Amino acid sequence: MECLTLPPKNLIKGFVHGKSHSTILQLCTRQLRTCRNPYQILNKGNKLTSKLNLPLSRLIQPLRQTTTISKTNPEISLRAQKIVGGWLIGCAGMCFGAVILGGVTRLTESGLSMVDWRLLKDMKPPQNLQEWEEEFEKYKQFPEYKYVNAQHEMSLSDFKFIFYMEYGHRMWGRLIGLAFLLPGAYFLKKGWISKGMKPRMLALTALLGFQGFLGWYMVKSGLEEKQKETDIPRVSQYRLASHLGSAFILYSLFLWSGFTHLLPYNKIEFTKEMRRIKGMAHGMKALIFITAISGAFVAGLDAGLTYNSWPKMADRWIPTDMWNIDPKWKNIFENPTFVQFNHRHLAESTVLLIAGFWWMCRKAPLPPRARMAVNALLAMSIIQASLGITTLLTYVPTPVAATHQSGSLVLLSIAVWLTHELRRIPK
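The rules behind each value
- Residues numbered from 1 in each chain as written.
- Predicted model: local features only at pLDDT ≥ 70, side-chain atom pairs only at ≥ 80, totals over all residues.
- Heavy atoms only, no water.
- UniProt positions renumbered as here; feature names shortened; annotations may be inferred.
- Helix = DSSP H or I, 4+ residues; strand = E, 2+ residues; numbered from the N terminus.
- Buried < 20%, exposed > 50% of the residue type's maximum accessible area, 1.4 Å probe, protein only.
- Contact = heavy atoms within 4.5 Å.
- Areas by Shrake-Rupley, 256 points an atom, 1.4 Å probe, with all protein chains shown as cover.
- Expected span 1.5 Å × (residues − 1).
- Polar contact = N/O pair within 3.5 Å; in protein donor to acceptor, adjacent residues only side chain to side chain.
- Phe/Tyr/Trp six-rings, centres within 6.5 Å; stacked < 30°, edge-to-face > 60°.
- Core = buried A, V, L, I, M, F, W, Y, C linked by side-chain atoms within 4.5 Å.
- Disulfide = S-S within 2.5 Å.

- The protein chain goes by COX15 in an unreviewed UniProt entry, where it is assigned to Mytilus edulis.
- Heading Pathway (unreviewed entry) of the UniProt record for the protein chain holds this comment: "Porphyrin-containing compound metabolism; heme A biosynthesis; heme A from heme O: step 1/1."

Right under this line is the structure:
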């Protein structure tokens, strides 16, 4: 990409048309940021700066805070990088939608309605009454139907609802694969994918395939016969947490890669204070992820329905039934009381640590976008905690619970944004 220069005489001509000094300064700064070597225009701009009656440092100052995208990948045009970045952000948005849809599918107990997995044949739902009845008969052979039907008789229309919920979730996952692979192949052919991005593309492709495998592996666990007739048919909480965690990682990689193509670097002097802030930002991101995964265990065990009070659990800070399972370590992952205890206290700790992190950042020399991300992180953590408490106190209604799950991904998105703003400029 050639440096986009604007000759000083044309800039100065702006004064003739009545443009203010600040407007001309903004125009010049904008031009500088589109150049591969911004100092080329500065060398020719002495006449301009004398007309502005401003020191040359005023013109250079904006460049000290950011560096351009084209500096990262000089062999690829700025326009191409923006297109690729927009595509990656779009893929991240589709992953976000899949998480929401998956949460609603689980909350409506629809995830076990499709009892087999076929990559191509699954794409066509039953077309007539006979096909619907055949699909319903297959579903009747598995534990969930037997359990639900014992509570209240399930009709074909009831089955159609849960079938379409799961069908929509599966088709959305396939659509994400197409939205990633087809444009990705085109961008590779055009030479718009940088050398550093190619390994990430391979990792994203592998993660997409792995996510599909994990989805079926999770569903399969809910189709197995339970040891006791009274056991509620549900998927393994371990596989559910793996499926959700994999989705969060895939989403975060898409988001980070999109930001890399769209957002310029911040030029930060990494003093001891800034290194500590950067490390803490990554720590906050990890803690948010762990708290979200603990929420998957709550969902997998329906642990949100065990103690519906806050801040105490049935008038106790520590419930008496936390160690009922032997061996004792299994209580951490398989006892609904212990699982809810873990999630609520992880969430409370996350909010308190984010508040402390925000306080520490108040006087730190953060770039504007990074400061905005810190403020957003605090605000969203409070909203997310409020949603969690509301979900608990209202006995897990589907709209509130789905919003709470979505909120965890919004909070993680802000943490990813913040850590991206604090990255170092590559040498």
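Anyway, onward from the coordinates.
**Brief notes about the overall build of the protein chain**
Here is step 1: Each helix and strand in the protein chain was counted, giving 17 helices and 2 strands.
Here is step 2: Among the 427 residues that make up the protein chain, the fraction classed as buried is 45%.
Here is step 3: Counted over contacts in the protein chain with a minimum sequence separation of 6, partners at least 24 positions apart contribute 78%.
Here is step 4: As displayed, the protein chain has an accessible area near 22400 Å², and 62% of this comes from carbon and sulfur atoms.

**Describing helix α11 (residues 197-222)**
Here is step 1: Helix length check: α11 (26 residues) gives 38 Å between terminal C-alpha atoms against 38 Å at 1.5 Å per residue, within 8%.
Here is step 2: Regarding α11, the residues found buried are M197, M201, L204, L207, L208, Q211, L214, G215, M218, V219, S221 and G222.
Here is step 3: On the buried face of α11, the contacting elements are α7 (78-107), α10 (156-190) and α12 (237-262).

**Focus: the side chain of N331**
Here is step 1: Here N331 shows up in helix α14 (residues 331-334).
Here is step 2: Apart from the residues within four sequence positions on either side, N331 is in contact with M322, W323, N324, I325, F338 and V339.

**So, the environment of A401**
Here is step 1: Along the polypeptide, A401 turns up in helix α17 (residues 398-421).
Here is step 2: Spatially, the C-alpha atom of A401 lies 7.9 Å from that of L387, the residues being 14 residues apart in sequence.
Here is step 3: Setting aside residues up to four positions removed in sequence, A401 forms contacts with L107, T391 and V396.

**Focus on the environment of D321**
Here is step 1: On the secondary structure map, D321 appears in the loop between α13 (272-300) and α14.
Here is step 2: In the structure, D321 is positioned 15 residues away from P336 in sequence and 9.5 Å away in space, judged by C-alpha atoms.
Here is step 3: Beyond its immediate stretch of four places on either side in the chain, D321 contacts Y307, N335 and T337.
Here is step 4: Reaching out from D321, the side chain makes a polar contact with the side chain of Y307 at a distance of 2.8 Å.
Here is step 5: One polar contact links D321 to T337, side chain to side chain, over a distance of 3.0 Å.

**Some remarks on the packing of aromatic side chains**
Here is step 1: Within the structure shown, the criterion is met by 26 aromatic pairs.
Here is step 2: Centroid distance W132 to F159: 6.3 Å. Interplanar angle 85°. Geometry classified as edge-to-face. Separated by 27 residues along the polypeptide, W132 in helix α8 (residues 129-140) and F159 in helix α10 bring together distant segments of the chain.
Here is step 3: We classify W132 as buried; its relative accessible area is 5%.
Here is step 4: Using a relative accessible area of 0% as the deciding quantity, one classes F159 as buried.

**Points about the nonpolar core**
Here is step 1: By size, the foremost hydrophobic cluster in this structure holds 67 residues, and its most contacted members are W87, F254, F357, L366, L377, L418 and L422.
Here is step 2: When residues of this core are traced back to their parent elements, those giving at least two are α7, α10, α11, α12, α13, α15 (336-361), α16 (368-393) and α17.
Here is step 3: If you tally residues by element for this core, the top one is α7, at 11 residues.
Here is step 4: If we skip the residues at most four places from it in the chain, F254 touches L88, C91, A92, C95, F180 and L204.
Here is step 5: Membership of the second largest hydrophobic core comes to 20 residues, among which are M171, M218, V219 and V235.

**A short note on the UniProt feature "transmembrane region" (unreviewed entry) in the protein chain**
Here is step 1: If you check UniProt for "transmembrane region" (unreviewed entry), the listed places come out as residues 83-104, 171-189, 201-219, 244-265, 286-307, 345-361, 373-396 and 402-419 in our numbering.
Here is step 2: For residues 286-307, helix accounts for 68% and strand for 0%, while the C-alpha atoms at its two ends are 27 Å apart.
Here is step 3: The distance from the first to the last C-alpha atom of residues 345-361 is 24 Å, and the span holds 100% helix and 0% strand.

**Description of the state of the cysteines**
Put plainly, two cysteines are in a disulfide when a covalent bond ties their sulfur atoms together.
Here is step 1: With the rule as written, the count across this model stands at 0 disulfides.
Here is step 2: In this structure C91 is a free cysteine whose sulfur lies 7.1 Å from that of C95, the closest cysteine sulfur available.

**Focus on unusual backbone geometry**
Here is step 1: Across the junction of W310 and P311, the peptide omega takes the value 5°, indicating a cis bond.
Here is step 2: Its place among the elements puts P311 in the loop between α13 and α14.
Here is step 3: In this structure, P327 follows D326 across a cis peptide bond, with omega equal to -5°.
Here is step 4: Within the element layout of this structure, P327 appears in the loop between α13 and α14.
Here is step 5: One non-glycine residue, A314, adopts positive backbone phi at about 55°.
Here is step 6: Here A314 is to be found in the loop between α13 and α14.
Here is step 7: A residue is classified by how much of its surface remains accessible, and A314, at 46% relative accessible area, is partly exposed.

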